[in-house]
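# Structural description and commentary
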Amino acid sequence: MNIKVKTDKLKLWYGDKQALNGVSLDIYENKITAFIGPSGCGKSTYLRCLNRMNDLIGGVTIKGKVTLDGHDIYGVGVDEVAVRKKIGMVFQQPNPFPKSIYDNVAYAPLMHDMVKKGKECDALVERSLRDAGLWEEVKDKLNESGTTLSGGQQQRLCIARTIAVEPDVILMDEPTSALDPISTQVIENLMTKLKEKFTIIVVTHNMQQAARIADYTAFFHLGNLIEYSETEKIFVNPQEEKTEQYITGKFG
Amino acid sequence: MDNYFHIPQLAKRKAKAKRFKYIAMMALVASVAFLAFFLSDMIIKGHGAFTQTYVKVPVLINEKTAKFTHLAVDRKEYGFMVSRAWLRGLKNTLKDTPEWMNTNKERWTLANSNVDQFIKGKYNRLKPEQIKKIEQMQKDGKVERRFNNIFFEKGDSKIPEFSGFMASIVGTIMTMIITMLIAVPLGVMTAIYLEEFAKDNKFTQIIEVNINNLAAIPSILFGLLGLAIFINFFGVPRSSPLVGGMTLALMSLPVIIVSSKAALKSVPDSIRQAGFALGLTKWQIVRDHVLPLAMPGMLTGAIIALAQAMGETAPLIMVGMIAFIPDISTSFLDATTVMPAQIFTWSGMPERAYIERTAAGILVLLGILISLNAIAIYLRKKYTKTW
Ligand SMILES: Nc1ncnc2c1ncn2[C@@H]1O[C@H](COP(=O)(O)OP(=O)(O)OP(=O)(O)O)[C@@H](O)[C@H]1O
Ligand SMILES: [Mg+2]
């Protein structure tokens, strides 16, 4: 198995408050890796380190190493904008641009000069919407605003928008926690399909979700990585006491 | 009565709430009454200025009177009722109507302001026999009130019936063009920089506090600043729309910065996050996703700043825009006046006829300001997106 993303003793401080205490983790290509753990344990923080979204917050100090395909994403001369093109992100709250459905998908690829306006771009938009399982629902109203869609549709639009720039890795921070069970299932199915093309890392509070879709699961607690292995192992036979307590609902 | 729900203090608490409600309502009534009083006072005083009296008198035109136009009407009989300004303008009128030459006919002429005020039932300085004469002419249908196009076509004049508001309307428009051309781009750019690009550190915090303070500085100080910098240092011509516009731009700048910043702040951060996560640059995100959403708020702020600047007099007095301007200016370097300055000038004139012009000027200015605010509200309603 190929290691896609690798972090080595990753530490992070918000001001002088430490949020990550040295996390070392290998994430495998074309797998779904789930992060679980109680609220405030640093899952989102860790996730946001992987595409340098934390750079946007003032007063953050990051130490340690994060590599994509062996290349340091925090290396000298590495532009964080270029990193984010390779490592996309989907957020908890669907956040489509207040533009047409078409423009939501087409905007970034056009800005990255990946396609030309016109047929080429139309094809990419269709392909991305198909991959996100949204095409059939929106093909007749591509010019309507993305914000008129339902929450689940909006989230799939955000996924379509992300895969349109053809990243290697997609980070998802609780992508279904704002959605109803049916939309959640649609997105879960979508994720298992997407892992053929992308490496997916997902933060979730829903343990069943992790068990259903993740190949690997990491358990975080108080800024530490407690346990990381195949999902089955974590849920059936956890090695650490804390992990067991958490997944059996003894704390959280 | 069912005592099950009884709360001992309730009646008292309710009475208190009621009392407060009535006090608040009275405040509202009082402020509306003030406004209504002011407005009706202006309308009562000013509506007269929208019409002007004309009288039909014999006008003799020959070689001599064409040269000395004040002799064209019989001094003794009609001299008091015909406007000096009309007689002065006769030379020009003759250029357009050469067929008037060598005639002695009754013609409609602009009435003197005393006659005009008499016809409008206001205080005037006509003598009893003059009044008799006018009344006779009225019976003969030789006195007429027409729409006052002089008011909307001409500039100021020392002859009240010949003075108009147009020079100051044009002056205001030209001044505002300069103000907006300077203040809007500068203010919006500053706001974008502070809100989207600047790091949040001590330095930017100090700048922001000072911008907020700037918005509260008495406007006359901006006038002094304009006088010192633009006129004395850069040598921009006094009284010109250019210097007035630049001075008002100084004043509008903080208002526009503050409102643009608020508009940018109201754009949800999730939009920016979405852009960053797609590998977009900051400028792409701001230009194509944040600005369109902030635009209505920025526009509203700019219009309100414009309306504020339009009603401003004090800083313009400092840069000499309170001049006597009979001609409509055609360049940004000509001496000009603006609406509030013209109103101020008229309000200090001794002739009675200027009172109604003062009020009419206020009505025009108010009308423009109210329309601007209405446009601002309309824009905000129309373009406010929900998501
Ligand atoms: N922008 C920030 N500034 C300062 N502290 C922060 C910031 N973001 C997160 N933290 C702190 O860092 C710690 C980890 O937060 P993080 O958001 O990563 O938790 P999480 O595991 O994602 O929690 P949740 O499951 O509730 O989303 C928390 O103690 C939080 O208070
Ligand atoms: Mg989180």
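Quantities reported herein were computed from a predicted structural model and do not represent experimental measurements. (Residues numbered from 1 in each chain as written. Chains lettered and ligands numbered in written order. Predicted model: local features only at pLDDT ≥ 70, side-chain atom pairs only at ≥ 80, totals over all residues. Heavy atoms only, no water.)

Once that is clear, we can look at the overall build of chain B. What chain B contains, in helices and strands, is 17 helices and three strands. The C-alpha atoms of chain B give a radius of gyration of 29 Å, which is well past the 21 Å a tight globule of 387 residues would have. The principal-axis extents of the C-alpha atoms in chain B amount to approximately 85 × 75 × 35 Å. Going through the 387 residues of chain B one by one, you find that 45% of them count as buried. Look at the contacts in chain B between residues 6 or more apart in sequence, and 76% of them connect residues 24 or more apart. Accessible area for chain B stands at about 20900 Å²; split by element, carbon and sulfur atoms hold 65% of it. (Helix = DSSP H or I, 4+ residues; strand = E, 2+ residues; numbered from the N terminus. Rg over C-alpha atoms; globule rule 2.2 N^0.38 Å. Buried < 20%, exposed > 50% of the residue type's maximum accessible area, 1.4 Å probe, protein only. Contact = heavy atoms within 4.5 Å. Areas by Shrake-Rupley, 256 points an atom, 1.4 Å probe, with all protein chains shown as cover.)

It is common to report an interface's size as the accessible area lost on association of the parts. Counting from both sides, the interface comprises 20 residues of chain B and, opposite them, 23 residues of chain A. Note on chain B versus chain A: buried area summed over both sides is about 1800 Å², and carbon and sulfur give 67% of it. Linking chain B with chain A are zero salt bridges, by the criterion used here. Counting the contacts that link chain B with chain A gives six residue pairs in polar contact (both at pLDDT 80 or more). Put simply, the parts of the chain that give the side of chain B that touches chain A at least two residues each are helix 13 (269–277) and helix 14 (282–310) of chain B. It is helix 13 of chain B that contributes the most residues to the side of chain B that touches chain A, seven residues altogether. For the side of chain B that touches chain A, the class distribution of residues is nine nonpolar, eight polar and three charged. (Buried area = accessible area lost by both parts, 1.4 Å probe. Salt bridge = Lys/Arg side-chain N within 4 Å of Asp/Glu carboxyl O. Polar contact = N/O pair within 3.5 Å; in protein donor to acceptor, adjacent residues only side chain to side chain. Nonpolar A, V, L, I, M, F, W, Y, C, P; charged D, E, K, R; others polar.)

Quick look at the site of ligand 1 now. Residues and elements named next belong to chain A. Ser39, Lys43, Ser44, Thr45 and His205 are the nearest of the 13 residues found near ligand 1. Side-chain polar atom of Lys43 to an oxygen atom of ligand 1: 2.8 Å apart, as the coordinates give it. The side chain of His205 places a nitrogen or oxygen atom 2.5 Å from an oxygen atom of ligand 1. Protein contact buries 63% of the 630 Å² of open area that ligand 1 shows by itself. In terms of residues, the shell around ligand 1 owes the most to one element, helix 1 (residues 43–49), which gives three residues. Grouping the constituent residues of the shell around ligand 1 by class yields four nonpolar, six polar and three charged. (Near = heavy atom within 4 Å.)

The next point concerns unusual backbone geometry. Residue and element names in this part refer to chain A. Even without glycine at this site, Arg52 takes up a positive phi of about 60°. Since its relative accessible area comes to 10%, Arg52 is described here as buried. In this structure, Glu174 takes a positive phi of about 45° despite not being glycine. Looking at where Glu174 falls in the secondary structure, it is placed in the loop between strand 7 (169–173) and helix 7 (181–194). Judged by its relative accessible area of 13%, Glu174 is buried.

Residues and elements named next belong to chain B. Split by domain assignment, chain B resolves into domain 1 (50–147) and domain 2 (166–383). With centres defined by C-alpha atoms, the gap from domain 1 to domain 2 works out at 45 Å. Opposite the eight residues of domain 1 that make contact, domain 2 presents seven residues. The contact between domain 1 and domain 2 buries some 560 Å² in all, and 56% of this surface belongs to carbon and sulfur atoms. On the surface where domain 1 and domain 2 come into contact, there are two salt bridges. Across the pair Glu356 and Lys120 runs a salt bridge whose closest N-O atoms are separated by 2.9 Å. Applying the counting criterion to the domain 1 and domain 2 interface returns three residue pairs in polar contact (both at pLDDT 80 or more). (Domains from an automatic or database assignment.)

A separate point is the pattern of salt bridges. Think of it this way: side chains of opposite charge can pair up when their charged atoms draw near. Under the defined criterion, the tally for this structure stands at 26 salt bridges over all chains. Measuring nitrogen to oxygen at the nearest pair gives 3.0 Å for the salt bridge that ties Lys142 of chain B to Glu106 of chain B. Of this pair, Lys142 of chain B sits in the loop between helix 7 (128–139) and strand 3 (143–147) while Glu106 of chain B sits in strand 2 (residues 103–110); the two residues are 36 residues apart in sequence, bridging distant segments of the chain. Given the relative accessible area of 22%, Lys142 of chain B is considered partly exposed. For Glu106 of chain B, a relative accessible area of 35% translates into the label partly exposed. If you follow the salt bridges from partner to partner, you end up with Lys4, Glu29, Asp69 and Asp168 of chain A in one network.

The subject of this paragraph is helix 7 of chain B. All names here are of chain B. Taking 1.5 Å per residue, 12 residues should reach 16 Å; helix 7 reaches 17 Å between its end C-alpha atoms and fits that length. Of the residues making up helix 7, those classed as buried are Gln130, Ile134 and Met137. Along helix 7, the residues classed as buried sweep out an arc of 60° about the axis, all on the same side. For helix 7, the exposed residues lying more than 90 degrees away from the buried face are Pro128, Glu129, Lys132 and Lys139. Taken from the residues just after helix 7, Gly141 is the one with a positive phi, measuring 75°. (Expected span 1.5 Å × (residues − 1). Arc of directions from axis to C-beta.)

Let's shift gears to the sheet that holds strand 1 (residues 51–61) of chain B. Residues and elements named next belong to chain B. Here three strands make up an open sheet; going across it, the order is 2-1-3 and the pairing antiparallel. Looking along the sheet, the strands with just one partner apiece sit at the ends: strand 2 and strand 3. Looking at each pair of strands side by side, their axes are set apart by 35° on average, direction ignored. Pairing of strand 1 with strand 3 involves five bridges; the strand directions are antiparallel. Paired with Gln52 across the bridge in strand 3 is Arg146. (Pairing = 2+ DSSP bridges. Axes fitted to C-alpha atoms, helices over the stretch in contact; angles between N-to-C directions.)

Our next topic: the pairing of strand 7 of chain A. All names here are of chain A. Burial of strand 7 is extensive: five of the five residues sit out of reach of the surface. Burial along strand 7 is two-sided: the face carrying Val169, Leu171 and Asp173 and the face carrying Ile170 and Met172 are both buried. Where strand 6 (residues 87–90) lies against strand 7, four bridges are found, and the strand directions are parallel. By the bridge assignment, Val90 is partnered in strand 7 with Met172. Sheet topology note: the strand 7/strand 8 (residues 199–203) ladder contains five bridges and is parallel. Considered in strand 8, the bridge of Met172 is made with Val202.

A separate point is the side chain of His289 of chain B. Along the polypeptide, His289 of chain B turns up in helix 14. Residue His289 of chain B is classed as buried on the basis of its relative accessible area of 2%. Other than its neighbours up to four places away in sequence, His289 of chain B contacts Phe97, Lys99 and Tyr107 of chain A together with Ile271, Leu280 and Gln284 of chain B.

Counting residues in each nonpolar core, the largest one holds 51 residues, and the members touching the most others are Phe35, Tyr46, Leu50, Leu171 and Ile201 of chain A together with Leu264 and Met298 of chain B. Considering every element that reaches this core, the biggest residue donor is helix 14 of chain B, with seven residues. Not counting residues up to four positions away in its chain, the partners in contact with Phe35 of chain A are Leu25, Ile27, Lys43, Tyr46, Leu47, Ile201, Val202, Val203, Thr204, Ala218 and Phe220 of chain A. (Core = buried A, V, L, I, M, F, W, Y, C linked by side-chain atoms within 4.5 Å.)

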